[in-house]
Amino acid sequence: MSQLEQQMRHRDKEMVPRFLVQAMFALMAASLAIVAYAQWFDVPNRGVLVEAPIVQSLAVTMTAGDRNGIYTVTDADGAVLVTSADHKAGFIGVMGRVIERDRLVSGITGNPPVQVVRRENGNVAIIDDSTGLKVELIGYGKDNVAAFAKLLD
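Residues numbered from 1 in each chain as written. Predicted model: local features only at pLDDT ≥ 70, side-chain atom pairs only at ≥ 80, totals over all residues. Heavy atoms only, no water.

> Please give an account of unusual backbone geometry that cites residues and values.
Backbone geometry at Asp42 places phi at a positive 50 degrees, although glycine is not the residue there. Within the secondary structure, Asp42 is located in the loop between helix H2 (18-40) and strand E1 (54-64). A positive phi angle is found at Lys88, which is not glycine, with a value near 60 degrees. Residue placement: Lys88 occurs in the loop between strand E3 (80-83) and helix H3 (90-106). (Helix = DSSP H or I, 4+ residues; strand = E, 2+ residues; numbered from the N terminus.)

> Mind laying out the nonpolar core, listing which residues take part and the relevant values?
Counting 22 residues, the largest nonpolar core has Ile92, Val124, Leu137 and Phe148 as the members making the most contacts within it. Elements with a minimum of two residues in this core: E1, H3, strand E4 (114-119), strand E5 (124-128), strand E6 (133-136) and helix H4 (142-152). If one sorts the elements of this core by residue count, H4 sits on top with six residues. Among all residues touching Ile92, those that are not within four sequence positions of it are Met62, Val73, Val82, Ser84, Ala147 and Phe148. (Core = buried A, V, L, I, M, F, W, Y, C linked by side-chain atoms within 4.5 Å. Buried < 20%, exposed > 50% of the residue type's maximum accessible area, 1.4 Å probe, protein only. Contact = heavy atoms within 4.5 Å.)

Take it as geometry only, folks, not as evidence of what the structure does.
In structure tokens form, the structure reads like this:
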């Protein structure tokens, strides 16, 4: 056996120290124990979003336009409110795709309207009654939330 082979064999044994492997399994076991405790003793959930009452609502229809994925948002009368090609409105196209995909999976035909709502606590949400989809627009960035909040203003 050459000196290089001996060095490689020794190096391969020590690539991940035994202590780190043991620590990884200990962390995994501790996480499992904490979750099991919470489930068995009905520990209440924390950090769960509380849906505040709706104070403002607007029914809109989101229609996919061309092959570029541009979505058009219209009100109940058919008036165009915004398109995803407008300045800082690209998130409308993202949510349009989400709604379209959810409807495809649920087998919904046609294009029923969705509700854009403002809650009592100021949060904006999108509710699709045809599929039961509720998207609370928190944590998406202020420009993305503003794209839908402008519809209610």
